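Commentary on secondary and tertiary structure
One letter stands for each residue in the lines below.
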Amino acid sequence: TATEGLILTGQGSTSDVTIKNDADATVLSIATGTGIITTPLQPSCFVTVGNTTDTVVNIGAAGWTDIVCNTERWDVGSNHNTSTGYFTCPEDGYYAVSANVALTDAGEGYYKIRIGGGDGQSWAWSETPNVGATVRFMQTSAVFLCDANDVINCVVYTNADTDYNYGEYSGYNTTNLSVCKVG
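What this report covers is the structure whose coordinates are included nearby.

Definitions and limits used
Residues numbered from 1 in each chain as written. Predicted model: local features only at pLDDT ≥ 70, side-chain atom pairs only at ≥ 80, totals over all residues. Heavy atoms only, no water. Phe/Tyr/Trp six-rings, centres within 6.5 Å; stacked < 30°, edge-to-face > 60°. Helix = DSSP H or I, 4+ residues; strand = E, 2+ residues; numbered from the N terminus. Buried < 20%, exposed > 50% of the residue type's maximum accessible area, 1.4 Å probe, protein only. Core = buried A, V, L, I, M, F, W, Y, C linked by side-chain atoms within 4.5 Å. Contact = heavy atoms within 4.5 Å. Salt bridge = Lys/Arg side-chain N within 4 Å of Asp/Glu carboxyl O. Lys, Arg positive; Asp, Glu negative; His and termini not counted. Polar contact = N/O pair within 3.5 Å; in protein donor to acceptor, adjacent residues only side chain to side chain.

Remarks on the packing of aromatic side chains
Tallied over the full model, the rule gives 6 aromatic pairs. With centroids separated by 4.8 Å and ring planes inclined at 40 degrees, the aromatic side chains of Trp64 and Tyr157 adopt a geometry described as tilted. Of this pair, Trp64 sits in strand 6 (residues 63-66) while Tyr157 sits in strand 13 (residues 151-158); the two residues are 93 residues apart in sequence, bridging distant segments of the chain. Exposure remark for Tyr157: the relative accessible area of 18% places this residue in the buried category. Centroid distance Tyr110 to Tyr157: 6.1 Å. Interplanar angle 45 degrees. Geometry classified as tilted.

Here you go:
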């Protein structure tokens, strides 16, 4: 129409509108009567360290260390590398990122986690001061504007401790990274 443009009226039992690619995979659907839009092929992942088996990775030095989430709960588009812990952006756009890190056998000093995306200059972080606890939990999240082939990752830092761990705690996936393209 002149004012509303193209009008699609659907009466499917599950979807009012379904758009598929040439491989017959749904790329967008609008649920019947709800207006809820689903994009099942949107790049995203949720990855963890270990698989609820108390997996920990020992850090043997102060400074910055990459967090390598080696277990994929899901990885739509296969953009996460379980060997490096990097998520490679398949296309330009905005990516919502969240990270949770559990540190065990933490000693003196302060600790930071940071997530980065885009051109490597954009970072979000969380830090915990020297509180005398041996277990520390940190979380941070952000939305990054990334170009295709930019990488998103999480790193941990300490200024003094040279023998601590990151990973699972008490049988839970307490160290994880999630990434979702949102625009």
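Quick look at the environment of Gly12
If you trace the backbone, Gly12 turns up in the segment before strand 1 (15-20). Remark: the alpha-carbon pair of Gly12 and Ile113, spanning 101 residues in sequence, is separated by 47 Å.

A closer look at the nonpolar core
Counting residues in hydrophobic clusters, the biggest one holds 28 residues, and the most contacted among them are Ile67, Leu103, Ile115, Ile152, Leu177 and Val179. Broken down by secondary-structure element, the contributors of at least two residues to this core are strand 4 (44-48), strand 9 (93-104), strand 10 (111-117), strand 12 (136-146), strand 13, strand 14 (164-167) and strand 15 (176-181). Counting residues per element, this core draws most heavily on strand 9, at 5 residues. Ignoring any residue separated from it by four or fewer positions in sequence, one finds Leu177 in contact with Cys45, Phe46, Val47, Cys69, Gly85, Val97, Ser98, Ala99, Ile115 and Cys154.

Some words on the pattern of salt bridges
One pass over the structure, following the stated rule, counts 2 salt bridges. When the shortest N-O distance is used, the salt bridge between Asp24 and Lys20 registers 3.4 Å. For Asp24, a relative accessible area of 54% gives the class exposed. For Lys20, a relative accessible area of 43% translates into the label partly exposed. The closest approach of N and O atoms between Lys181 and Glu91, which form a salt bridge, is 3.5 Å. Residue Lys181 is found in strand 15, and its partner Glu91 is found in the loop between strand 8 (87-88) and strand 9; the two are separated by 90 residues along the sequence. For Lys181, a relative accessible area of 8% translates into the label buried. For Glu91, a relative accessible area of 38% puts it in the partly exposed group.

Comments concerning the side chain of Asp150
Turning to its location among the elements, Asp150 is positioned in the loop between strand 12 and strand 13. We note that Asp150 is buried and unpaired, the nearest opposite charge coming from Lys181 at a distance of 12 Å. Looking at Asp150, its side chain comes within polar contact range of the main-chain nitrogen of Asp147, at 2.8 Å.

These results come straight from atomic positions and should not be treated as a statement about function.
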